[in-house]
Amino acid sequence: MKIGIYPGTFDPITHGHTDIITRSLRVFDKVIVAVAPNPAKHPLFNLSERLEMVKLVMKDQGQGGQVEVVSFDGLLVDYVQRSGSHAIIRGLRAISDFEHEFQMALINRKLAKNVETVFLMPSEEYSYLSSTIIKDIANHGGSLTAFLHPEVARRLQERIRSLKR
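Residues numbered from 1 in each chain as written. Predicted model: local features only at pLDDT ≥ 70, side-chain atom pairs only at ≥ 80, totals over all residues. Heavy atoms only, no water.

### Some thoughts on the overall build of the protein chain
- The number of helices and strands found in the protein chain is six helices and five strands.
- Since a compact globule built from 165 residues should have a radius of gyration of about 15 Å, the 16 Å found for the protein chain is in line with a globular shape.
- Projected onto its principal axes, the C-alpha coordinates of the protein chain cover approximately 50 × 35 × 30 Å.
- Residue burial in the protein chain is summarised as follows: out of 165 residues, 45% are buried.
- The contacts of the protein chain with a sequence gap of at least 6 include a subset with a gap of at least 24, amounting to 74%.
- When the accessible surface of the protein chain is totalled, it reaches about 9,100 Å², and 54% of it is carbon and sulfur. (Helix = DSSP H or I, 4+ residues; strand = E, 2+ residues; numbered from the N terminus. Rg over C-alpha atoms; globule rule 2.2 N^0.38 Å. Buried < 20%, exposed > 50% of the residue type's maximum accessible area, 1.4 Å probe, protein only. Contact = heavy atoms within 4.5 Å. Areas by Shrake-Rupley, 256 points an atom, 1.4 Å probe, with all protein chains shown as cover.)

### Section: the sheet that holds strand β4 (residues 87–91)
- An order of β3-β2-β1-β4-β5 is seen for the five strands of this open sheet, with the pairing classed as parallel. The open sheet terminates on both sides in strands that have one partner only, identified here as β3 (67–71) and β5 (116–120). Ignoring which end each strand starts from, the neighbouring axes of this sheet average 30 degrees apart.
- Bridge count for β4 against β5 is five bridges, and the pairing is parallel. By the bridge assignment, Ile-89 is partnered in β5 with Val-118.
- Of the strands in this sheet, β1 (3–8), β2 (30–35), β3 and β4 touch helix α3 (residues 76–83), which is tilted by about 150 degrees from β1. (Pairing = 2+ DSSP bridges. Axes fitted to C-alpha atoms, helices over the stretch in contact; angles between N-to-C directions.)

### Notes on the pattern of salt bridges
- All chains considered together, the criterion is met by ten salt bridges.
- The residue Arg-159 makes a salt bridge to Glu-49 at a minimum N-O spacing of 2.5 Å. Of this pair, Arg-159 sits in helix α6 (residues 150–164) while Glu-49 sits in helix α2 (residues 47–60), and the two are 110 residues apart along the sequence.
- Residue classification places Arg-159 among the partly exposed residues on the basis of a relative accessible area of 21%.
- A relative accessible area of 21% places Glu-49 in the partly exposed class.
- Glu-158 serves as the salt-bridge partner of Arg-154, at 2.9 Å between the closest nitrogen and oxygen. (Salt bridge = Lys/Arg side-chain N within 4 Å of Asp/Glu carboxyl O.)

Structural data, given as structure tokens:
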């Protein structure tokens, strides 16, 4: 069985993320969405909330059997090896992503020679999406329906409102 690991903060999970997961399932038999705590990014949602939202979105998309959602801490390559996988899945939205992702892929290869990084491009309609941009739209009261699962959008709007009080 070919297993790919799709790591990220997913704060929150967007249609761009789900697009990469769907594309990954064309290459891998199973995709493990590995949600990282990543306190350096100052996530808006805590780890358990992000895990819950990713699981909800995957269930609603009918991908529960092929997609596993977990959290991990520590070095990604260590988790990849423990999981029985040999591949890290990364989405590339634009040229600006490439330099950072290329550097991380080379570092991961140096740490674990048997771990490959697979880069996937999202659909054009999601190529500009990032969780940061989505949070900015939400912060300014913009519509989120084109970018997020309805329940994720509701939770994000609620969180933004609670922070403004």
